[in-house]
Amino acid sequence: MSSMSWWRRLAKREQMERHLDAELRFHFDGLVADNLRAGMSEPEARRSARLQFGGLEQVKEECREARGLAWLEGIFYDLRFALRSLRRDRGFTITAITILALAIGLNVTVFAVMNTMLFRGVPLAKRNDRLVYMQERYPSGVCCISYPDFEDWRAQAQSFERMAFVGEKSVSLSDGNGERPVYTPIFTMSANAFGLLGVQPLLGRDFVPADEEPGAPPVAILNYRFWENRFAKRPDIVGHIVRIDKAPATVIRSDAGGFRLSTPMETMDATGTFR
Amino acid sequence: VTQSKSDLPQGTLDLLILKVVLLGPIHGYAIAQRIQQISRDVLQVQQGSLYPALHRLENRGLLAAEWKDTETGREAKFYHLTAKGQTQLKTETESWKQLAKAVRLILELSEADSL
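What counts, and where the lines are drawn
- Residues numbered from 1 in each chain as written.
- Chains lettered and ligands numbered in written order.
- Predicted model: local features only at pLDDT ≥ 70, side-chain atom pairs only at ≥ 80, totals over all residues.
- Heavy atoms only, no water.
- Helix = DSSP H or I, 4+ residues; strand = E, 2+ residues; numbered from the N terminus.
- Buried < 20%, exposed > 50% of the residue type's maximum accessible area, 1.4 Å probe, protein only.
- Salt bridge = Lys/Arg side-chain N within 4 Å of Asp/Glu carboxyl O.
- Expected span 1.5 Å × (residues − 1).
- Pairing = 2+ DSSP bridges.
- Contact = heavy atoms within 4.5 Å.
- Axes fitted to C-alpha atoms, helices over the stretch in contact; angles between N-to-C directions.
- Buried area = accessible area lost by both parts, 1.4 Å probe.
- Polar contact = N/O pair within 3.5 Å; in protein donor to acceptor, adjacent residues only side chain to side chain.
- Patch = residues over 30% accessible without salt bridge, like charges linked within 9 Å, V, L, I, M, F, W, Y side chains within 5 Å.
- Areas by Shrake-Rupley, 256 points an atom, 1.4 Å probe, with all protein chains shown as cover.
- Lys, Arg positive; Asp, Glu negative; His and termini not counted.
- Charge placed at Lys NZ, Arg CZ, Asp CG, Glu CD.

### Let's talk about the environment of Gly198 of chain A
Then step 1. You can see Gly198 of chain A is positioned in the loop between α7 (193-197) and β5 (203-204).
Then step 2. Using a relative accessible area of 15% as the deciding quantity, one classes Gly198 of chain A as buried.

This is the structure we're talking about:
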C-alpha cells in the first residue's frame with residue numbers, strides 16, 4: 001500500500017486484466033476437465049462448468065473491486081499518514097512549506113517576466129512573429145544601446161525590413177504649468193517605432209521622421225493610463241504641453257489603451273522621441 | 001455425500017484460504033478443490049467469492065503470487081503466504097477458536113437449560 005505499489009498497479013492495469021482473465025480461464029478449464037473425467041460428454045462438461053462458474057464478468061468485476069477499493073484505501077491511508085507526520089514535525093513542515101512557497105513564487109515571477117519579454121511579444125503589435133529584439137551585452141548585464149550605434153546598425157544592416165530604437169530613461173514628468181511632477185520611467189524611441197509595430201494612435205498623430213531632426217520641437221505621446229489618470233481623458237490633449245525634466249514637449253497623441261512594450265514593468269507614462 | 005452443503009460464515013473464507021495456502025504454493029482452482037476435499041464436501045467454495053477474496057488478500061499483502069507451470073505444463077497463478085500472511089493466519093486462527101468455543105459453550109448451556 002505504499003505510494004510505489006499503487007502507482008505501479010495503476011501502470012500495470014492492463015497486465016492485471018490479462019492475468020485475471022488467464023487465471024479465471026484456468027479455473028474454468030479445470031472444471032471442464034473434471035467433468036470430462038466424471039464421464040460427461042464435451043458439450044455437457046462445458047455447459048456444466050459454465051453453470052458452476054457463474055457469471056464470468058461479475059467475478060472479474062468483483063476482483064477488480066477487491067483491488068480497486070483497497071487501492072483507494074491505500075491512498076487514503078497514505079494521505080492520513082502524511083498529514084500526521086507533517087503535524088508531528090512542525091519545524092520541518094514550516095520550513096518545507098516556506099521553501100516551496102518561495103520557489104513557486106520565484107518561478108511564477110520569472111515566468112511572468114519571460115512570458116512578457118520572450119513569448120507573448122508586444123500586445124497589439126500586428127506581426128510578433130516577424131519581430132526581432134536586439135540588445136547589447138556588457139559585463140554588468142544587458143542594457144541599453146547607444147543611439148549613434150543604432151543609427152550605424154540601421155544604415156548597414158540588410159537582413160531587416162525596418163529597424164526601430166527603443167530606450168528607457170527616468171524623468172520628472174509634469175503637467176503644462178509645471179505642477180504635480182512625477183518621477184517616472186519613459187521610453188525614448190525612434191520616430192518609426194510605432195509604425196513598425198503597427199500600433200494605431202487613439203488620438204492625434206504618430207511620430208514622423210521630421211521629429212527626429214535636430215532643432216525640431218520636442219514631442220511626446222502619452223499612454224492611455226496616464227491620459228486617463230492625469231487628464232481624465234481630455235479630448236483636447238493633443239497640442240497640450242507637458243514638461244519632461246522641465247523642458248516643454250507637445251503632446252501629439254494619446255496611445256491606444258492596453259499598449260505595452262515588451263517590458264515587465266507597468267506601462268510607461270509617456271513616450272518621447274529620442275533627442 | 002447426502003449432507004447439505006453449508007455456506008461459509010462471513011470472514012471465514014479468508015481464514016480457510018490462508019490455511020490452505022500455508023501448505024505450499026497453490027493455484028486458485030486447487031484451493032477450491034482442497035477446501036471441498038478437506039471439509040468432506042461440506043464446504044463448497046464458489047469461484048464468485050474465491051477469486052475476489054484471493055485478490056483482496058494479495059492486495060493486502062497477506063498473499064503473494066507467481067506465474068508458474070503446472071504439472072500439465074500450463075501456466076497458472078500460484079499463491080503463497082507472506083510473512084504478514086502467516087502472522088495474520090495465527091491471530092485469526094486464535095480468534096476463530098475462541099469464537100467457536102464461546103458459541104459452543106452457549107449452545108451447550110441452552111441445551112442443558114431446556115432439559
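Resuming the write-up.
### What to know about the pattern of salt bridges
Residue and element names in this part refer to chain A.
Then step 1. This structure, assessed with the given rule, holds 11 salt bridges over all chains.
Then step 2. Two residues, Arg46 and Glu42, come together in a salt bridge whose shortest N-O distance is 3.3 Å. Of the two residues, Arg46 and Glu42 both sit in helix α3 (residues 42-53), four residues apart, roughly one turn of that helix.
Then step 3. The shortest N-O distance in the salt bridge between Arg64 and Glu61 comes to 2.8 Å. Taken together, the residues Arg64 and Glu61, both in helix α4 (residues 56-88) and three residues apart, mark about one turn of the helix.
Then step 4. In this structure Arg64 comes out as buried when scored by relative accessible area, which is 18%.
Then step 5. Shared partners join several salt bridges into a network, and the residues in it are Asp21, Arg25, Glu57 and Lys60.

### Things to note about helix α3 (residues 47-59) of chain B
All names here are of chain B.
Then step 1. For α3, which comprises 13 residues, the first-to-last C-alpha distance of 18 Å matches the rise-based estimate of 18 Å (1.5 Å per residue) to within 8%.
Then step 2. Turning to α3, its buried residues are Gln47, Leu50, Tyr51, Pro52, Ala53, Leu54, His55, Leu57 and Asn59.
Then step 3. Among the residues trailing α3, Gly61 stands out with phi positive, at a value near 80°.

### Some thoughts on the sheet that holds strand β3 (residues 75-81) of chain B
Residues and elements named next belong to chain B.
Then step 1. Across the sheet, which stays open at both edges, the three strands sit in the order β1-β3-β2 with antiparallel pairing between neighbours. Only two strands of the sheet have a single neighbouring strand rather than two, namely β1 (26-27) and β2 (63-69).
Then step 2. Pairing geometry for β2 and β3, over seven bridges, is antiparallel. Among the inter-strand pairings, Ala64 is bridged to a residue of β3, identified as His80.
Then step 3. Packed on one face of the sheet, α3 meets β2 and β3 and runs near 55° to β3.

### Thoughts on the side chain of His55 of chain B
Then step 1. Along the chain, His55 of chain B falls in helix α3.
Then step 2. Look past the residues within four positions of His55 of chain B in its chain and what remains in contact with it is Leu20, Glu23, Cys63, Ala66 and Arg67 of chain A together with Lys77 and Tyr79 of chain B.

### Remarks on the interface of chain B and chain A
Then step 1. Facing 23 residues of chain B, the contacting portion of chain A comprises 22 residues.
Then step 2. Summed over both partners, the interface of chain B with chain A buries about 2000 Å², with 56% contributed by carbon and sulfur atoms.
Then step 3. When residues of chain B are sorted by the area they lose upon contact with chain A, Tyr29, Gln47 and Asn59 of chain B head the list and together hold 35% of the total.
Then step 4. Across the contact surface, chain B and chain A share one salt bridge.
Then step 5. The salt bridge partner of Arg74 of chain B is Asp29 of chain A, with a shortest N-O separation of 2.7 Å.
Then step 6. If you look at where chain B meets chain A, you find eight residue pairs in polar contact (both at pLDDT 80 or more).
Then step 7. At the level of elements, α2 (28-38), α3 and β3 of chain B are the ones that each hand at least two residues to the side of chain B that touches chain A.

### Overview of the pairing of strand β7 (residues 241-244) of chain A
Residues and elements named next belong to chain A.
Then step 1. Burial along β7 is one-sided: Val242 and Ile244 are buried, and none of Ile241 and Arg243, which face the opposite way, are.
Then step 2. When strand β3 (residues 166-174) meets β7, the two strands line up antiparallel, connected through two bridges. Bridge pairing in β7 links Leu173 to Ile244.

### Notes on a positive patch on the surface
Residues and elements named next belong to chain A.
Then step 1. The grouping of Arg80, Arg84, Arg87, Arg88 and Arg90 at the surface amounts to a positive patch.
Then step 2. Counting residues per element, the positive patch draws most heavily on α4, which supplies four residues.
Then step 3. Within the secondary structure layout, Arg87 lies in helix α4.
Then step 4. A relative accessible area of 59% places Arg87 in the exposed class.

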